[in-house]
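Read off the chains here:
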Amino acid sequence: MQQNSNLDDVYKDVVVIGNGPSGICLSYMLAGNWPYYNGNPHPGDDMLTARLQYNVGTQTACRLDNSDLEDNDLDFRKQEKNLVENNPENLKNLSLGLEGRGSRPLARLMDQLQHPCTDAGMDFPSLLTWKSPKMCPEHKIVDHVVLGKGPPGGAWHSLDPNVLTISLSRWMSLPGLDLRHWQMLVAAEKQRTNLTNQNNCTCSILEKACKPAKRVSIGTVAAYYRDYVTRQGLEKYFRCGTTITSVRSNDDEKDNEKGYNWLVYGFENQTGRTFKYKCKKVILATGTTDSSNRLGIPGEKTHNDWVTHDLNVLESRLDQIVNSQDSCSIMGEFQKKSKHSVDPILVVGAGLSAADAIMAARFRGIPVLHAFRDSSKDWNNEKQTYDRLKWLPISIYPEYHKVYEMMVDGGTNYPLYKALPGFTLIDVNQTSKDDCQSKERKVTLCSPGGEQVSYRVSHAAILIGAKPDLSYLENNGVGLGKFRGLPIDSKWNPIETNDFTYEVDRAPRKGLYALGPLVGDNFVRFILGGAFAILVHIHSSCK
């Protein structure tokens, strides 16, 4: 793409592309908020405790203004050790032998420190203390900007706000402000005018926040991320409502001498005004839900009025069906179809979005045809998603367990549901009925035995995952993953980065980083490790 050479140059040390939880977490650290090990032993790992004492014990705690501290507080603060000052060798030693769900060593380390023993169902306090540059003036603030298409929180604002998160509320938290504490603070602020004792309010907040974490709605999480940026004083670093058009090397020798090796181009969504940043580092933090995956079958693109790849769109259409039938009943048209005789919807996919779609339809009394790969016979990536439903604890995820039971049962004991395991959608089509006044919507699937079967449907939802929008990179980012000739995918082809710096291995030059789902850290709780790695590497390179 030809770039406008007349744009004003804006110089930044770091440009972060993506304002979701990955970008927010990194911005918090770049703003001078650093993690300290508080000196307490890890409740479930004596070896990690020993390594922390040995590898971090030589580091210097931050210089605090001690005038307002009690003696006991001062003794405790002296034990806190700055993790950012560790060298890569120390970080490797600290990460040795750690167990956890994270695939990367630093992701596991920081998760163990922030959420000790969480995979064992425990809810121990964090071993990290976060200190601001006001508390520790020696903390270096990195000049940076965070660019995003929407408000802070990224894709969380585009999801169904009523659906519950898979992760527990504590795991959705960003450093320095636990989501549970935030919920209580917001509730207290709304009731503040009716409260008579502020001290009692604060005590109540902390008591409630210490209760075990539960799942929360996506709408709550989105509001938390947006408010987090405000409460943590990060708004000055965020430039929302923007679209990135190009990220490429800067060939200007004078800029290169000062370390400004990258160019970032984009425009403001509302005004169309273009901008250009010259920077030393670029961090890719855009997530992976920008573009829904397609099957590439006939009719998939041409029938957008009844074929969708978006759960929110499907739910709106289901509501239209229900509202239309209710209107018919009110008008006295009793011979219209009942909800149970409405043409079914087709749901394709075996992931969580597909499960949400099935629940949404059955809740409204609309029948479902469900096509998915048969994981008992097909050992591939889809099996991992199918098994996720099976192994989710039934006490926490009863609704997803119910969908898994329906898939296994096939629909024999579940009204309004029919499973099509191993079936593949090969065509969607629409034809005129004999009276020429209405259209008949049909889908054609191929059975595991190779036979073709057609069904009449009202809507079709193809929910088979999504991919990131890396159109601003050369060749759409192809070549940066483990499999060089294939597109980036968070599950099977993430961007390859160094485990302890998160710098992109195959970048055209130094200074390109990636974190979050782009590198396979697909849960918010593991983002902390990548953000910490980038902070440490940037801090050490500036010495």
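Residues numbered from 1 in each chain as written. Predicted model: local features only at pLDDT ≥ 70, side-chain atom pairs only at ≥ 80, totals over all residues. Heavy atoms only, no water.

Remarks on the overall build of the protein chain
- The secondary structure content of the protein chain amounts to 14 helices and 20 strands.
- A total of 543 residues make up the protein chain; the buried ones form 50% of that total.
- Put simply, of all contacts in the protein chain between residues at least 6 apart along the chain, 70% involve residues at least 24 apart.
- By element, 49% of the accessible surface of the protein chain is carried by carbon and sulfur atoms, the whole surface being about 26,700 Å². (Helix = DSSP H or I, 4+ residues; strand = E, 2+ residues; numbered from the N terminus. Buried < 20%, exposed > 50% of the residue type's maximum accessible area, 1.4 Å probe, protein only. Contact = heavy atoms within 4.5 Å. Areas by Shrake-Rupley, 256 points an atom, 1.4 Å probe, with all protein chains shown as cover.)

Observations regarding the sheet that holds strand S15 (residues 424–432)
- The strand order across the open sheet built from 3 strands is S15-S16-S17, with neighbouring strands paired in antiparallel fashion. Looking at the sheet topology across the chains shown, the edges are occupied by S15 and strand S17 (452–456). Adjacent strand axes in the sheet meet at a mean angle of 25 degrees, parallel and antiparallel pairs treated alike. (Pairing = 2+ DSSP bridges. Axes fitted to C-alpha atoms, helices over the stretch in contact; angles between N-to-C directions.)

A word on the confidence of the model for the protein chain
- Per-residue pLDDT for the protein chain has a mean of 85; in total, 84% of the residues score no lower than 70.
- Predicted confidence for residues 66–78 stays below pLDDT 50, and this span has 11 contacts to residues more than four positions away or in other chains.
- Every residue in residues 377–385 scores below 50 in pLDDT, and together they form 12 contacts with partners more than four places removed in sequence or on other chains. (pLDDT = per-residue confidence, 0-100.)

Considering empty space enclosed by the protein
- Scanning the entire structure with this criterion turns up 4 cavities of 30 Å³ or more.
- The computed volume of the largest cavity comes to approximately 80 Å³.
- Cys-25, Gln-114, His-115, Ser-173, Leu-174, Pro-175, Val-524, Arg-525, Ile-527 and Leu-528 together form the lining of the largest cavity.
- Per-class residue counts for the lining of the largest cavity are 6 nonpolar, 3 polar and 1 charged. (1 Å grid on protein atoms, 1.4 Å probe; cavity = no way out; pocket = protein on both sides within 12 Å on 5 of 7 lines; lining within 4 Å. Points joined across faces, edges and corners; volume = space filled by probe spheres on them. Nonpolar A, V, L, I, M, F, W, Y, C, P; charged D, E, K, R; others polar.)

Focus: helix H8 (residues 218–231)
- With 14 residues, H8 should reach 20 Å at 1.5 Å per residue; the first-to-last C-alpha distance of 20 Å fits that figure.
- Within the span of H8, buried status applies to Ile-218, Val-221, Ala-222, Tyr-224, Tyr-225, Tyr-228 and Val-229. Each buried residue of H8 sits inside an arc of 160 degrees when the element is viewed along its axis, so together they form one side.
- On its buried face, H8 sits against helix H1 (21–30), helix H6 (179–191) and strand S6 (238–240).
- Gly-233, located one to two residues past H8, shows a positive phi value of around 70 degrees. (Expected span 1.5 Å × (residues − 1). Arc of directions from axis to C-beta.)

Side note on a nonpolar patch on the surface
- Taken together, the side chains of Phe-483, Leu-486 and Trp-492 define a hydrophobic patch exposed on the protein surface, amounting to about 270 Å² of accessible area.
- By the element assignment, Leu-486 lies in the loop between strand S19 (466–467) and strand S20 (512–514).
- Of the residues examined, Leu-486 reaches a relative accessible area of 38% and is grouped as partly exposed. (Patch = residues over 30% accessible without salt bridge, like charges linked within 9 Å, V, L, I, M, F, W, Y side chains within 5 Å. Salt bridge = Lys/Arg side-chain N within 4 Å of Asp/Glu carboxyl O.)

A word on the pattern of salt bridges
- Counted by the stated rule, this structure contains 24 salt bridges.
- With a shortest N-O distance of 2.9 Å, Lys-276 and Asp-9 are connected by a salt bridge. Here the residue Lys-276 occupies a position in strand S9 (residues 274–284), and Asp-9 occupies one in strand S1 (residues 9–17), the gap between them amounting to 267 residues.
- Residue Glu-440 is joined to Arg-456 by a salt bridge in which the shortest nitrogen-to-oxygen separation is 3.4 Å.

A closer look at unusual backbone geometry
- Look at Leu-416: it is not a glycine, yet its phi comes out positive at around 70 degrees.
- Note on placement: Leu-416 falls in the loop between helix H13 (398–409) and strand S14 (417–421).
- The class of Leu-416 is partly exposed, set by a relative accessible area of 22%.
- Look at Asn-475: it is not a glycine, yet its phi comes out positive at around 60 degrees.
- Its place among the elements puts Asn-475 in the loop between S19 and S20.
- Residue classification places Asn-475 among the exposed residues on the basis of a relative accessible area of 51%.

Examining helix H2 (residues 46–55)
- Among all positions in H2, only Leu-48, Thr-49, Arg-51, Leu-52 and Asn-55 are buried. Considered in projection along H2, the buried side chains sweep an arc of 165 degrees and stay on one side of the axis. Exposed positions of H2 whose direction lies more than 90 degrees from the buried face are Asp-46, Met-47 and Tyr-54.
- Those residues of H2 that are buried are in contact with strand S2 (34–37), helix H4 (88–94) and helix H5 (105–114).

Thoughts on the packing of aromatic side chains
- What the rule picks out here adds up to 9 aromatic pairs.
- Relative to Tyr-260, the ring of Tyr-11 lies with its centre 4.9 Å away and its plane at 75 degrees, an arrangement referred to as edge-to-face. On the criterion of sequence distance, the pair formed by Tyr-11 in strand S1 and Tyr-260 in the loop between helix H9 (253–257) and strand S8 (262–268) is long-range, its members being 249 residues apart.
- The exposure class of Tyr-11 is partly exposed, given its relative accessible area of 36%.
- Here the aromatic rings of Trp-156 and Tyr-225 are separated by 6.0 Å at their centres, their planes lie at 70 degrees, and the arrangement is edge-to-face. With Trp-156 in the loop between strand S5 (144–148) and H6 and Tyr-225 in helix H8, this pair connects stretches of sequence that are 69 residues apart.
- The exposure class of Trp-156 is buried, given its relative accessible area of 19%.
- On the basis of relative accessible area, Tyr-225 is assigned to the buried category, the value being 0%.
- Clustering of aromatic rings is evident, with ring pairs tying together Tyr-28, Trp-130, Trp-156, Trp-182, Tyr-224, Tyr-225 and Tyr-228.
- The side chain of Lys-131 reaches across the aromatic face of Tyr-36, ending 5.1 Å from its centre. (Phe/Tyr/Trp six-rings, centres within 6.5 Å; stacked < 30°, edge-to-face > 60°. Lys NZ or Arg CZ within 6 Å of the ring centre and 35° of its normal.)

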